[in-house]
Amino acid sequence: MPVTLDFFFDLGSPYSYLAASQLPGLRERTGSPVRVLPITLGGVRKQLGTNMPSGAQLAYMSRDVGRWAKRYGVPMSIPSAFPTKTIAALRACVA
């Protein structure tokens, strides 16, 4: 019996978007079902006592997700208003 894979995501995370684009292929290759679980990265950061990424980290992330998007062949652009609050949308996902 295949193992169920847990996919934790935040709607505002570019890395979550990129990872989500790979889920169909992962299911196909492994036969494992994927359980999609919304989280808030802000809440995770708060629990860990870490801050939002600095300007330099955000600039690097923008380049990094661009490279991954190219590798995966998916469209990618980071909105000018980033990061954004996604709690209401995540609550809708849970509902």
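Residues numbered from 1 in each chain as written. Predicted model: local features only at pLDDT ≥ 70, side-chain atom pairs only at ≥ 80, totals over all residues. Heavy atoms only, no water.

Enquirer: Outline the overall build of the chain, supporting the account with residue identities and numerical values.
Expert: Along the backbone of the chain there are 5 helices and 2 strands. Mapped from its N terminus to its C terminus, the chain presents α and β elements in the order β-α-α-β-α-α-α. Projected onto its principal axes, the C-alpha coordinates of the chain cover approximately 45 × 30 × 25 Å. Across the 95 residues in the chain, those meeting the buried criterion constitute 18%. In the chain, the proportion of contacts linking residues at least 24 apart, taken out of those at least 6 apart, comes to 77%. (Helix = DSSP H or I, 4+ residues; strand = E, 2+ residues; numbered from the N terminus. Buried < 20%, exposed > 50% of the residue type's maximum accessible area, 1.4 Å probe, protein only. Contact = heavy atoms within 4.5 Å.)

Enquirer: Can you tell me about helix α4 (residues 55-72), naming the residues and giving the values?
Expert: The terminal C-alpha atoms of α4 lie 26 Å apart, and with 18 residues this matches the ideal 26 Å at 1.5 Å per residue to within 8%. By the burial criterion, the buried members of α4 are M61, D64, V65 and A69. The arc enclosing the buried residues of α4, seen along the axis, measures out at 140°, which places them on a common side. Turned more than 90 degrees off the buried face of α4, the exposed positions are G55, A56, K70 and R71. (Expected span 1.5 Å × (residues − 1). Arc of directions from axis to C-beta.)

Enquirer: Provide a residue-level description of the pattern of salt bridges, including the pertinent values.
Expert: Taken as a whole, this structure holds 2 salt bridges when the rule is applied. Where R35 meets D6, a salt bridge forms, and the shortest distance between an N and an O atom there is 2.8 Å. Taken as a pair, R35 in strand β2 (residues 34-38) and D6 in strand β1 (residues 5-9) lie far apart in primary sequence, 29 residues in all. Judged by relative accessible area, which is 45%, R35 ranks as partly exposed. (Salt bridge = Lys/Arg side-chain N within 4 Å of Asp/Glu carboxyl O.)

Enquirer: Tell me about the environment of S21, and name the residues and values.
Expert: Checked against the element boundaries, S21 lands in the loop between α1 (14-20) and α2 (23-30). Classification of S21 as partly exposed rests on a relative accessible area of 27%. Excluding residues within four positions of it along the chain, S21 makes contact with Y72 and V74. Side chain to side chain, S21 and Q22 meet in a polar contact 2.9 Å long. (Polar contact = N/O pair within 3.5 Å; in protein donor to acceptor, adjacent residues only side chain to side chain.)

Enquirer: Hey, could you go over the environment of T84 for me, with residue numbers and the actual values?
Expert: On the secondary structure map, T84 appears in the loop between α4 and α5 (87-94). Between the C-alpha atom of T84 and that of T30, which follows or precedes it by 54 residues, the distance is 34 Å.

Enquirer: How would you summarise the environment of S77 if you had to cite specific residues and measurements?
Expert: Position of S77 among the secondary structure elements: in the loop between α4 and α5. A C-alpha to C-alpha distance of 20 Å links S77 and T40, two positions 37 residues apart in sequence.

Geometric values such as these leave the question of function open.
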